[in-house]
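Below are the chains, spelled out letter by letter.
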Amino acid sequence: MLYSGTDESRRIALRVCSALLGLILCFGLCGCGSSGSSSSSTQSHQSTASSKASSSPSPSSPRYTPSYDDSRWPVSNVPELKNLPEKNRWYNALKRVGQRAKLAGPVVNVYQAKDSRGMPIFVDVGSAYPGKSGFTLLIWAEDYDDFSEMLNQLGPSSWISVTGYLSSYNGRPQYDVSDGSISYEWWTNVS
């Protein structure tokens with residue numbers, strides 16, 4: 001991950017612009033979230049990307065895990081997330097560094113460092129960088145096509161689940177798509 005500490009205000013402006021662009025794209029693609037009905041639907045999507053080896057996603061049926069109340073996990077309308085085991089939740093990412101792991105959580109920030117080598121795209125989950133309690137999905141510009149559908153749909157109330165090798169950068173857990181096969185799933189309109 002490359003961060004330029006010399007121009008902090010520029011980086012903040014890029015984050016704000018990226019967040020606004022994400023909101024605009026989300027509302028534009030989702031038809032403003034309204035279809036004349038009072039019920040909102042949750043959309044689930046799944047994909048796999050690999051920059052080193054091609055692998056296909058393995059279909060699996062979700063296992064039942066008893067749900068319990070957790071203020072850091074306010075999910076009520078997505079059974080796959082509501083019943084996700086505790087070890088796979090974003091706030092336990094530090095415990096999973098150095099291994100292949102599945103983690104899920106709310107998307108809190110998406111931005112691209114266009115002035116950095118490789119123009120990386122950062123998807124912060126659970127908490128924004130440099131917070132240590134969440135994790136980051138690092139997508140290089142050359143891999144954008146593998147993630148474009150997801151990136152264009154992320155917005156407020158979006159959650160993702162990522163499976164792959166979990167490393168760290170400056171003490172923050174991160175998935176780097178250049179580390180190998182990454183599978184991911186995302187949901188919109190999570191409540």
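Structure first, text after, so check above.
What comes next is a walk through the structure. What you see is a predicted model, and the numbers here were worked out from it, not measured in a lab. (Residues numbered from 1 in each chain as written. Predicted model: local features only at pLDDT ≥ 70, side-chain atom pairs only at ≥ 80, totals over all residues. Heavy atoms only, no water.)

### Details of the overall build of the chain
Inference 1: Helix and strand content of the chain: three helices and seven strands.
Inference 2: Order of helices (α) and strands (β) in the chain, N terminus to C terminus: α-β-α-β-β-β-α-β-β-β.
Inference 3: Buried positions account for 42% of the 191 residues belonging to the chain.
Inference 4: Looking at the chain alone, contacts between residues at least 24 apart form 61% of all its contacts between residues at least 6 apart. (Helix = DSSP H or I, 4+ residues; strand = E, 2+ residues; numbered from the N terminus. Buried < 20%, exposed > 50% of the residue type's maximum accessible area, 1.4 Å probe, protein only. Contact = heavy atoms within 4.5 Å.)

### So, unusual backbone geometry
Inference 1: Tyr129 connects to Pro130 through a cis peptide bond whose omega is 15°.
Inference 2: Looking at where Pro130 falls in the secondary structure, it is placed in the loop between β3 (121–125) and β4 (135–139).
Inference 3: The backbone phi angle of Asn170 is positive, close to 50°, even though this residue is not glycine.
Inference 4: Within the secondary structure layout, Asn170 lies in the loop between β5 (159–169) and β6 (172–176).

### As for the pairing of strand β7 (residues 182–188)
Inference 1: When you tally the buried positions in β7, you get six out of seven residues, the bulk of the element.
Inference 2: Judged from the five bridges that link them, β5 and β7 form a sheet pairing that is antiparallel. Across the sheet, Val162 pairs through a bridge with Tyr184, a residue of β7. (Pairing = 2+ DSSP bridges.)

### A word on the pairing of β4
Inference 1: Along β4, five of the five residues are buried, which leaves the element largely enclosed by surrounding structure.
Inference 2: On β4, burial covers both faces: Phe135, Leu137 and Ile139 on one face and Thr136 and Leu138 on the other are all buried.
Inference 3: The sheet contact formed by β3 and β4 spans five bridges and is antiparallel. For Asp124, the partnering residue across the bridge sits in β4 and is Thr136.
Inference 4: Where β4 meets β6, three bridges bridge the pair, whose relative direction is parallel. Within β6, the position partnered with Leu137 by the bridge is Tyr175.

### Remarks on the nonpolar core
Inference 1: Ranked by size, the top nonpolar core spans 39 residues in total, and within it Leu137, Met150 and Ile160 carry the most contacts.
Inference 2: Of all the secondary structure elements, the ones that give two or more residues to this core are β2 (99–112), β3, β4, α3 (144–153), β5 and β7. (Core = buried A, V, L, I, M, F, W, Y, C linked by side-chain atoms within 4.5 Å.)

### Points about the pattern of salt bridges
Inference 1: Summed over the entire model, instances satisfying the criterion amount to two salt bridges.
Inference 2: Ionic pairing is found between Arg89 and Glu86, a salt bridge with its closest N-O pair at 4.0 Å.
Inference 3: Residue Arg89 is classed as buried on the basis of its relative accessible area of 0%.
Inference 4: Here Glu86 falls in the partly exposed class, since its relative accessible area comes to 29%.
Inference 5: One salt bridge in this structure joins Asp124 and Arg172, with 3.9 Å as the shortest N-O distance. You can see Asp124 sitting in strand β3 and its partner Arg172 sitting in strand β6, a full 48 residues away along the chain. Summarising the burial analysis for this pair, Asp124 and Arg172 share the class buried. (Salt bridge = Lys/Arg side-chain N within 4 Å of Asp/Glu carboxyl O.)

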